[in-house]
Amino acid sequence: MNPMSKTVRHRWWWTLWSLVAASAVGIGVFSISVYITGDPDRTPIPLDPDVAAHYVSILVHALPSSLALLIRPFQFVTRLRTRHPRLHRVAGRVSWCASRPERSSP
Ligand code: HEM
């Protein structure tokens with residue numbers, strides 16, 4: 001493969017990564033800012049009074065999942081992985097744990 005096509009490939013990778021990362025980080029920051037307050041009036045989702053602890057179940061889903069959204073895009077950055085493998089492992093474990101409650105909530 002010639003150097004030009006490698007450059008083009010590299011640019012494409014970063015363009016796509018930036019789009020995915022911007023959307024993941026944007027959603028993560030928005031959700032954390034809404035749910036970190038613990039104020040049920042700020043949730044954009046209508047709360048169902050017939051569902052026990054509906055707000056708490058959304059919190060348990062939204063906060064850790066947002067943390068995973070903030071971490072995961074950076075797990076795909078090769079330079080970070082190769083220069084700081086320990087950071088990759090720790091961040092990977094934190095994000096794995098953060099996505100556990102998400103599997104058992106609505
Ligand atoms: C959402 C994305 C990712 C998550 C959550 C994640 C998570 C993790 C975790 C938890 C570990 C530690 C495993 C252990 O110690 O038993 C790890 C290690 C590793 N991951 Fe990832 N990873 C992700 C993406 C990637 C990608 C895209 C690559 C490469 C293409 C990669 C390559 C590696 C390598 C080479 C190790 C071993 C590092 C070492 O021990 O020095 N990971 N990852």
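Okay, so let's go over this structure. (Residues numbered from 1 in each chain as written. Predicted model: local features only at pLDDT ≥ 70, side-chain atom pairs only at ≥ 80, totals over all residues.)

## Side note on the overall build of the protein chain
Check the secondary structure of the protein chain and you find five helices and zero strands. When its helices and strands are written in sequence order, the protein chain yields α-α-α-α-α. The globule rule puts the C-alpha radius of gyration for 106 residues at 13 Å, and the 18 Å found for the protein chain is more than 25% above it. Over its C-alpha atoms, taken along the principal directions, the protein chain stretches across nearly 60 × 25 × 20 Å. Counting the 106 residues in the protein chain, one finds 10% classified as buried. Look at the contacts in the protein chain between residues 6 or more apart in sequence, and 66% of them connect residues 24 or more apart. (Helix = DSSP H or I, 4+ residues; strand = E, 2+ residues; numbered from the N terminus. Rg over C-alpha atoms; globule rule 2.2 N^0.38 Å. Buried ≥ 20, exposed ≤ 12 C-beta atoms within 10 Å, placed from the backbone. Contact = placed C-beta atoms within 7 Å.)

## Examining the site of the ligand
Taken together, R72, Q75, F76, R81, P85, H88, R89, G92, R93, S95 and W96 make up all the residues around the ligand. Counting residues per element, the ones that place at least two in the shell around the ligand are α2 (54-75) and α4 (85-98). With seven residues, the single largest contributor to the shell around the ligand is α4. Looking at the shell around the ligand residue by residue, the classes come out as three nonpolar, four polar and four charged. (Near = placed C-beta within 6 Å. Nonpolar A, V, L, I, M, F, W, Y, C, P; charged D, E, K, R; others polar.)

In short, geometric facts, not functional conclusions.
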